[in-house]
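# Tertiary structure, described
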Amino acid sequence: MRLTRLPPTTYFLTSAVFHYLGPSLAVLLFARVDVLGVAWLRIASAAVVFAVWRRPWRLLSGGSWRLFVALGLVLAAMNSLFYLAVDRLPLSTVGAVEFVGTLVLAALGVRTRRNVLALLLAVAGVALLTQVRLVAEPLGFVFAFANGAGFVLYVVLADRIASPADGSDPMAGIDRLGLAMLVAAVAATSFGLLPALPAFTHPLWLLWGIGVGLCSSVVPYVTDQLAMARLPRATFALMLSLLPAAATAIGFVVLGQVPTGRDLAGIALVVVGLVVHREAQSSERSPQSSG
């Protein structure tokens, strides 16, 4: 399959763009549909796409259903908390906070001085991007940090499902992701369906919500799986430092959230950190070595 032959960085760059393009479109929809309703539209539409495309219920006969349920619950909580945060804080700030927890994962995999320097640069960049607004929006930061904790769990759990043990099917991780997304849709229905009902009376709003789901929970999660299948977890976690930069750029283009000089300095440090980071070829994950 040609898609699986692309460099893993290609998947990640695609993921970085769509991780925040979808939420920026969601922010525009908040004026018409409640935040949790938009979150449900995102999760439910993604679940439908995965169901039609991959028929993931075929995996129910396996013995890893606890992992699918855990990842599904994390996806439902994380996506909802993220939208509650971006409803109160700039996209760049939430993106930076979301990345903080993954620094720990990156730090656990540091093996060389070069990678230590890369990690320190990424930390400095995120610190600059995180404009503290605790006085004005304390609840927004509660949601942002809770979402950040969920994002760490997402990286850990999604990494576990990323590749088959025997390396025979590079799309198996996406099938597993699809099953987890079905669980997420069921979980989110309990609190998101009622707020989403107004969208069903406005076809444009409904299509908008479906588009948010495609941009937020299909394209980025699929490309995440393709990248995780070929990268060590620590490398993937460090590359996530690109997300605050992506959030800042997309927030500016789509939402008109103009970055400050401090934001631009933070983005520069993040990019330099990614350039400095170098993973030896022998550490790149092979399908046989993942688990």
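One can find the structure itself at the top, above this paragraph.
Reading the values: rules and limits
Each chain has its residues counted from 1, running along the sequence as written. Owing to the predicted nature of the model, reporting of local features is limited to residues with pLDDT of at least 70; listing and counting of side-chain atom pairs is limited to 80 or more, with chain, interface and lining totals taken over all residues. Each side-chain value is worked out from all heavy atoms of the structure, with water and hydrogens disregarded. Where helices and strands are cited, they refer to DSSP runs of H or I of at least four residues and of E of at least two residues respectively, numbered from the N terminus. Here's how the labels work: a residue is buried when its accessible area is under 20% of the maximum for its type, exposed when over 50%, partly exposed in between, all with a 1.4 Å probe on protein chains only. What makes two residues a contact is simply this: any of their non-hydrogen atoms within 4.5 Å. Residue exposure ignores everything except the shown protein chains as possible cover, and the areas themselves are Shrake-Rupley values with a 1.4 Å probe. Polar contact criterion, stated in full: a pair of N or O atoms within 3.5 Å, where within protein one must be able to donate a hydrogen and the other to accept it, and residues adjacent in sequence count only if both atoms are side-chain atoms. In this analysis, rings of Phe, Tyr and Trp, with Trp reduced to its six-membered ring, are considered paired at centre separations within 6.5 Å, and the interplanar angle assigns stacked below 30 degrees, edge-to-face beyond 60, and tilted for intermediate values. In our convention, an over-ring charge means Lys NZ or Arg CZ found within 6 Å of a ring centre and within 35 degrees of that ring's normal. Among buried residues, those of type Ala, Val, Leu, Ile, Met, Phe, Trp, Tyr and Cys that are joined through side-chain atoms within 4.5 Å constitute a nonpolar core. Comment: axis = line fitted to C-alpha atoms, over the contacting stretch for helices; angle = value between 0 and 180 degrees taken between N-to-C directions. Here is the rule for angles: anything less than 35 degrees is roughly parallel, anything more than 145 is roughly antiparallel, 65 through 115 is roughly perpendicular, and the remaining ranges are oblique. Left-handed describes a crossing whose near helix is turned anticlockwise from the far helix through less than a right angle; right-handed describes the clockwise counterpart. Gly is put with the polar residues, along with every residue not named as nonpolar or charged; the nonpolar set is Ala, Val, Leu, Ile, Met, Phe, Trp, Tyr, Cys and Pro, and the charged set is Asp, Glu, Lys and Arg.

Turning next to the overall build of the chain. In terms of helices and strands, the chain carries 11 helices and zero strands. The N-to-C order of helical and strand elements in the chain reads α-α-α-α-α-α-α-α-α-α-α. Relative to its full complement of 291 residues, the chain shows a buried share of 52%. Restricting to contacts in the chain with at least 6 residues of sequence separation, those with at least 24 account for 88%. Of the roughly 12500 Å² of accessible surface on the chain, a fraction of 69% belongs to carbon and sulfur atoms.

Checked against the element boundaries, S45 lands in helix α2 (residues 35-54). Since its relative accessible area comes to 10%, S45 is described here as buried. Distance in space between the C-alpha atoms of S45 and V212 is 8.6 Å, their sequence separation being 167 residues. Polar contacts involving the side chain of S45 include one to the main-chain carbonyl oxygen of R42, which spans 3.1 Å.

The next thing to look at is the packing of aromatic side chains. Tallied over the full model, the rule gives seven aromatic pairs. Judged by centre distance (6.1 Å) and plane angle (50 degrees), the rings of F82 and Y83 are tilted. Where F151 meets Y154, the ring centres are 5.7 Å apart and the plane angle is 35 degrees; that geometry is what we call tilted. One end of the pair, F151, and the other, Y154, are both in helix α6 (residues 138-160), three residues apart, so they sit about a helical turn from each other. Accessibility classification places F151 together with Y154 in one group, the buried group. The aromatic ring of W53 is capped on one face by R54, whose charged end is 5.5 Å from the ring centroid.

This part is about the nonpolar core. Counting residues in hydrophobic clusters, the biggest one holds 77 residues, and the most contacted among them are Y20, L75, Y83, Y154, V155, M181 and L240. Per element, the largest residue contribution to this core is 11 residues, and it comes from helix α3 (residues 65-86).

So, on to the packing of helix α1 (residues 8-29) against helix α10 (residues 242-255). At a minimum axis distance of 9 Å, the contact between α1 and α10 shows a crossing angle of 40 degrees. As judged from the angle between their axes, α1 and α10 are oblique. Pair α1 / α10 crosses with right-handed handedness. Together, F12, L13, A16, V17, H19, Y20, L21, S24, L25, V27 and L28 of α1 and L242, L243, A246, A247, I250, V254 and L255 of α10 make up the contact between the two elements. Counted by class, the contact of α1 with α10 contains 16 nonpolar, two polar and no charged residues.

The next subject is the environment of N115. Inspection of the secondary structure assignment puts N115 in helix α5 (residues 113-129). Overall, N115 belongs to the buried group, its relative accessible area being 4%.

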